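The chain contents come next:
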Amino acid sequence: MAIKTVIVDNAPELLDRLGGFLEAIDGVELVARFEEAVSVVDFVREQEVDLVFTDIVMPDISGISLARKLQQLPNPPAVVLMSSIPGFSLEAWKIQAYTFLEKPYTRADVAGVISNFEKRMIKS
């Protein structure tokens, strides 16, 4: 069963980069990409999503606000918060995000997140 992922980042080049990393990993299905966070909650309500990668600093709503809204859904996806500002890792911990990924991330960083998530899914 594929891990259904969504990515959110207001920088198109980072969406492409992360999308490429995820699409290259066996067992991962990239179901959507968003440049704005406001549409993500409605999408996740309608579609089964396991994992959301979201930038924290965005113009409409922050990734932290998005994560909080997603956590209120009946079957919330796990959320990976991403930022080039390391201090946000504490915020990720406070809202119980799945993990924090510091930018610039590498292919290996993303693969590690997916590997750990797969192990968590197997235990469930």
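Residues numbered from 1 in each chain as written. Predicted model: local features only at pLDDT ≥ 70, side-chain atom pairs only at ≥ 80, totals over all residues. Heavy atoms only, no water.

Points about the packing of aromatic side chains
Here the distance between the centres and the angle between the planes together describe a pair of aromatic rings. This is how the line gets drawn: Stacked, edge-to-face and tilted are the three classes for Phe, Tyr and Trp ring pairs, Trp counted by its six-membered ring, which pair at centre distances within 6.5 Å; planes under 30 degrees apart are stacked, over 60 edge-to-face, the rest tilted. For helices the rule is a DSSP run of H or I covering at least 4 residues; for strands it is a run of E covering at least 2, with both sets numbered from the N terminus onward. Between buried and exposed lies partly exposed: a residue is buried under 20% and exposed over 50% of the maximum accessible area for its type, with that area taken using a 1.4 Å probe on protein chains only.
If you walk through the whole model with that rule in mind, you get three aromatic pairs. On the basis of an interplanar angle of 75° and a centroid distance of 6.3 Å, the ring pair of Phe21 and Tyr105 is categorised as edge-to-face. With Phe21 in helix α1 (residues 12-23) and Tyr105 in the loop between β5 (99-102) and α5 (107-123), this pair connects stretches of sequence that are 84 residues apart. By relative accessible area, which is 1% here, Tyr105 ends up buried. A centroid spacing of 5.4 Å and a plane angle of 90° characterise the contact between Tyr98 and Phe117, whose relative ring orientation is edge-to-face. Of the two residues, Tyr98 sits in the loop between α4 (88-94) and β5 while Phe117 sits in helix α5, which places them 19 residues apart along the sequence. Assessed through its relative accessible area of 22%, Tyr98 is described here as partly exposed. Residue Phe117 is classed as buried on the basis of its relative accessible area of 4%.

A look at the pairing of strand β1 (residues 3-8)
Keep this limit in mind: When DSSP finds two or more bridges between two strands, those strands count as paired. Place the viewer so that the strands point away; then a crossover is right-handed whenever the path from the first strand over the helix to the second strand goes clockwise.
Most of β1 sits out of view: five of its six residues are buried. Both β1 and strand β2 (residues 28-34) contribute to a ladder of six bridges, which runs parallel. Considered in β2, the bridge of Ile7 is made with Arg33. As a crossover connection, the stretch from β1 through α1 into β2 is right-handed. Strand direction decides the pairing type here: β1 and strand β3 (residues 51-55), joined by four bridges, are parallel. Looking at β3, one finds that Val6 is bridged to Val52.

Digging into the packing of α1 against α5
For the record, the criterion: Where helices are involved, their axes are fitted lines through C-alpha atoms of the stretch in contact, as for all axes, and angles between N-to-C directions lie from 0 to 180°. For classification, angles of less than 35 degrees are called roughly parallel, those exceeding 145 degrees roughly antiparallel, those between 65 and 115 degrees roughly perpendicular, and all remaining angles oblique. When the near helix sits turned anticlockwise from the far one by under a right angle, the crossing is termed left-handed; a clockwise turn instead gives a right-handed crossing. In this analysis, two residues are considered to be in contact whenever any of their non-hydrogen atoms come within 4.5 Å of each other. Side-chain classes are defined by residue name, with Ala, Val, Leu, Ile, Met, Phe, Trp, Tyr, Cys and Pro counting as nonpolar, Asp, Glu, Lys and Arg as charged, and the others, Gly among them, as polar.
The geometry of α1 relative to α5 is characterised by a closest axis approach of 10 Å and an angle of 55° between their N-to-C directions. Classified by the interaxial angle, the pair formed by α1 and α5 is oblique. The crossing of α1 and α5 is right-handed. Taking contact as the criterion, the partners of Leu18, Gly20, Phe21 and Leu22 in α1 are, on α5, Arg107, Val110 and Ile114. Its residues assigned to classes, the contact of α1 with α5 shows five nonpolar, one polar and one charged.

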